[in-house]
Amino acid sequence: MTTRLQPLALKPFLRHLSAANPTPALLARSALPPLAALSWFTPEGVSFPDPSPETTLVSLESHSPPPFQRINAPLSFFATYLALRPPAAQLDLYLAQQTPPPSFLPHLPPPPFLAASEITQTSLWIGLAPTVSPLHEDPDDNILAQLTGRKVVRLLDPTRGKDILARVRGTDQGARLRGEELMSAEPGGERDQLERAVWGADEGVVEATIETGEALFIPRGWWHGVHGVHGTGDADADAADPTRRPISASVNWWFRQASIDRP
């Protein structure tokens, strides 16, 4: 049976976080100071706080047209893409695991319960729904905050996640986040098999829907797949109808907190 998380207020969330072996938990929008980055996004597109978007380069994943590849492009080009919202079959770009440019950082302060010394990496994730991060695990604890749109995350405990990976890959060795072997959308390939195993499963699954302004705690070692969705969450329908392709944007902070005591 799938367990669906409900948003927690700040005090119960912090009590949960300080447990010896905390499980995933969803933090309510009202529990977090509003990020200035929430104001970047409008129905017309996005306005990034960068003084020179024509010369600031970002790394983009190109999922369509095939084959999958990574390209460097000016931030201004990506902003134009987000405003035009082309059909996914025509052009599908994703800014994934991008270290924020310096001008972005004042708009993306970490949650107040995380000390700067505890944060190991900050990353941005911005694209047009549907977006996909296949099943993987992280080496550190993770707070994933939604800046606009909606994400659905399916989570599996360390044992169950390794079991699924072993069935698909033939080994339970960790799946590298956004490695080439996971990003090819070839039918019947590794990504396709993992997607069907994770999103078609019900037993032992924890599911969280992160709305704009909410945040999800993902403990290290927990396996998870992430979909940026809209409306019903039907990825095929979202891709076929460009009017259903809103921006889905997140920021995450990977961290190591001394108060969390577990192997």
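Our subject is the structure listed above.
Residues numbered from 1 in each chain as written. Predicted model: local features only at pLDDT ≥ 70, side-chain atom pairs only at ≥ 80, totals over all residues. Heavy atoms only, no water.

Before going further, it helps to examine the sheet that holds strand 1 (residues 3–4). Taken in spatial order, the 5 strands make up an open sheet running 1-12-11-14-9, and their pairing is mixed. Every other strand in the sheet has two partners, leaving strand 1 and strand 9 (131–136) as the edge strands with one partner each. In this structure, strand 9 lies alongside strand 14 (residues 223–229), joined through 4 bridges in antiparallel fashion. Bridge pairing in strand 14 places T131 opposite G228. (Pairing = 2+ DSSP bridges. Helix = DSSP H or I, 4+ residues; strand = E, 2+ residues; numbered from the N terminus.)

Once that is clear, we can look at the pattern of salt bridges. Enumeration according to the criterion identifies 8 salt bridges in this entry. Linking E207 and R4 is a salt bridge whose minimum nitrogen-to-oxygen distance equals 3.5 Å. With a gap of 203 residues between them, E207 in strand 12 (residues 206–210) and R4 in strand 1 connect regions that are remote in the sequence. Classification of E207 by relative accessible area gives buried; the value is 13%. As a salt-bridge pair, R196 and D192 come within 3.5 Å of each other at their nearest N and O atoms. On the criterion of helical spacing, the pair formed by R196 and D192 is a turn pair, its members being 4 residues apart in helix 5 (residues 190–199). Residue classification places D192 among the partly exposed positions, given a relative accessible area of 26%. Linked through salt bridges whose partners overlap, the residues forming this network are R4, R154 and E207. (Salt bridge = Lys/Arg side-chain N within 4 Å of Asp/Glu carboxyl O. Buried < 20%, exposed > 50% of the residue type's maximum accessible area, 1.4 Å probe, protein only.)

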